[in-house]
Amino acid sequence: MNALAPLYQWYNQYKRELPWRQTNDPYLIWLSEVILQQTRVEQGLPYYLKFSAAFKNIEQLARAPEEKVMKMWQGLGYYSRATNMMQTAKLVVEMHQGKFPSDYASLIQLKGIGPYTAAAISSFASNEAHAVVDGNVYRVLSRLFNIKEPINSHNGKKLFARIANEVLNKKNPATHNQAMMELGALICKPQKPDCENCPLRLQCISYQEGNHLQLPIKNPKKKPVMRYLNFIVADAVNFTILQKRSGKGIWHNLYEPPSIESTSIIDNKILMAEINKLALFKTKKPIRLNKVYECKHQLTHQTIYAVFWVVACKASSLQTKPPYVKAGWKDISKFAVHRLFDKFLKYYNLQQQLT
DNA sequence: AAGTCGGGGTG
DNA sequence: CACCCAGACTT
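Residues numbered from 1 in each chain as written. Chains lettered and ligands numbered in written order. Predicted model: local features only at pLDDT ≥ 70, side-chain atom pairs only at ≥ 80, totals over all residues. Heavy atoms only, no water.

**Some words on the domain arrangement of chain A**
The test is simple: Domain delimitation follows an automatic or database domain assignment. As used here, buried area is the combined drop in accessible area, with a 1.4 Å probe, of two parts when they are placed together. The term salt bridge refers to a side-chain nitrogen of Lys or Arg lying within 4 Å of a carboxyl oxygen of Asp or Glu. Each polar contact in these results corresponds to two N or O atoms within 3.5 Å; when the atoms are within protein, one needs to be able to donate a hydrogen and the other to accept it, and residues that are neighboring in sequence are counted only if both atoms are side-chain atoms. Think of it as three bins: nonpolar holds Ala, Val, Leu, Ile, Met, Phe, Trp, Tyr, Cys and Pro, charged holds Asp, Glu, Lys and Arg, and polar takes everything else, Gly as well.
Segmentation of chain A into domains returns domain 1 (5–214) and domain 2 (225–354). Once you take the C-alpha centre of each, domain 1 and domain 2 turn out to be 37 Å apart. With both sides pooled, the region where domain 1 packs onto domain 2 buries about 900 Å², and carbon together with sulfur makes up 46% of that total. In this structure, the connection of domain 1 to domain 2 is made through 2 salt bridges. Run the count over domain 1 and domain 2 and you get 5 residue pairs in polar contact (both at pLDDT 80 or more). Here the residues of the side of domain 1 that touches domain 2 are counted per class, giving 3 nonpolar, 3 polar and 3 charged.

In structure tokens form, the structure reads like this:
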């Protein structure tokens, strides 16, 4: 008998009913896996429902305007996933005649699909024998076999990938993979694991040794860097000016007000000099800066201290040529924006209503 | 092999 | 506050 039989039995009894488990369509499975990368099921679920309803198949997604897809992705984070998703959709329509691949070798070549996602799609859609290794699996395996190799080290990744494939049930890789991840999500949780109800507690070595809470081991990461962002919100009564973030860095392809970054908190005088360099205001007349909103915004690798300066001005005084974009306040919700700007918008909108 | 890319839940 | 989440890409 397979040692993991209790796991599979537990899975059949306690698994969550999740929409992407009801299909064998590699396109829908891909959609769910990309959305769920580094994202908890509860957070990704509404996005999956929205995307799968809007784009029933790969052709519809490939045809969708980029701005619309970015807007739908708004709030989910790691925005390059959306860009890669669109690129892959177009490529699959052109090169694979719209038939989404479901074999590992083809999948791993696509943008945005790495070892985890290729294993997930190929096992779920084609029952290929590739073990998934995600955060859940790292945790389950490290505790089950009391493995102290750091999961974010080069050797650790190779080791866990090897072990995951060794314990993989080759007759039913799909259920095995789902069960491993479900155990990590519902029982073998990071902080308060429910070991009393774990189907594998009798064979869990770290549980018997009493060090399961110390696992998995992870090499320390460096702490977030501090950044200071000043956003210039030009308010011409009916519209404002936005620009699209480009190049590398955070919030790629999202819209925001013209911004000025500094190495520390800066005063109005220095800020004014920087604003002039933006060539946002055509007028020579000095503008009045109104500090309307400030907050700290925490990302994984950076802590942002942001200030939103509102400048009331006439429409004729604003530059509306590229890279600037004219955005009507009424239409502002059509732009894909990051959470930080969204926080400001909610505050500013509320403030306007009160005055 | 190390850095970077978000946002939100949890304790 | 620190940690983590159905990871992947870049350098």
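Additional details are given in the paragraphs that follow.
**Structural notes on the packing of aromatic side chains**
As a reminder, the rule being used: By convention, a stacked pair of Phe, Tyr or Trp rings (six-membered ring in the case of Trp) has centres within 6.5 Å and planes under 30 degrees apart, an edge-to-face pair has planes over 60 apart, and any other such pair is tilted. A run of DSSP states H or I qualifies as a helix once it reaches four residues; a run of E qualifies as a strand once it reaches two. Both are numbered from the N-terminal end. Whether a residue is buried, partly exposed or exposed follows from its accessible area with a 1.4 Å probe, protein chains only, as a fraction of its type maximum: under 20%, in between, or over 50%, in that order.
In total, this model carries 18 aromatic pairs according to the counting rule given. When the centroid spacing of 6.4 Å and the interplanar angle of 20° are considered together, the rings of Phe 308 and Phe 341 count as stacked. On the criterion of sequence distance, the pair formed by Phe 308 in strand 6 (residues 302–312) and Phe 341 in helix 14 (residues 339–354) is long-range, its members being 33 residues apart. The residues Phe 308 and Phe 341 share a single accessibility class, namely buried. Grouping aromatic residues by their ring pairs yields a cluster made of Phe 231, Tyr 293, Phe 308, Trp 329, Phe 341, Phe 344, Tyr 347 and Tyr 348.

**So, the sheet that holds strand 5 (residues 290–298)**
As a reminder, the rule being used: In this description, strands pair whenever DSSP reports at least two bridges between them. As a rule, the C-alpha atoms of each element are fitted with a line to give its axis, helices using only the stretch in contact, and angles between N-to-C directions run from 0 to 180 degrees. Any two residues whose heavy atoms approach within 4.5 Å are treated as being in contact.
Spatially, 4-1-6-5 is the arrangement adopted by the 4 strands of the open sheet, whose pairing is mixed. For this open sheet the edge positions go to strand 4 (259–262) and strand 5, each flanked by a neighbour on one side alone. Put simply, the sheet's adjacent strands are angled 20° from each other on average, direction ignored. Judged from the 11 bridges that link them, strand 1 (residues 225–235) and strand 6 form a sheet pairing that is parallel. The residue bridging Ile 232 from the neighbouring strand is Trp 309, located in strand 6. Helix 13 (residues 268–278) rests against strand 1, strand 4 and strand 6 of the sheet, and its axis sits at about 130° to strand 4.

**Focus: the protein's contact with DNA strand C**
Note the cut-off: Proximity criterion: a residue is near a molecule or strand once any of its heavy atoms comes within 4 Å of it.
Looking at DNA strand C, there are 28 residues lining it, with Leu 36, Gly 112, Thr 117, Arg 139 and Met 181 nearest. In DNA strand C, atoms within 4 Å of the protein come 68% from sugar and phosphate. Between a phosphate oxygen of DNA strand C and a main-chain N or O atom of Gln 38, the distance comes to 3.0 Å. Separating a phosphate oxygen of DNA strand C from a side-chain N or O atom of Thr 117 is a distance of 2.6 Å. Looking at the surface near DNA strand C, the elements that each hand over two or more residues are helix 8 (115–126), helix 9 (135–144) and helix 11 (173–186).

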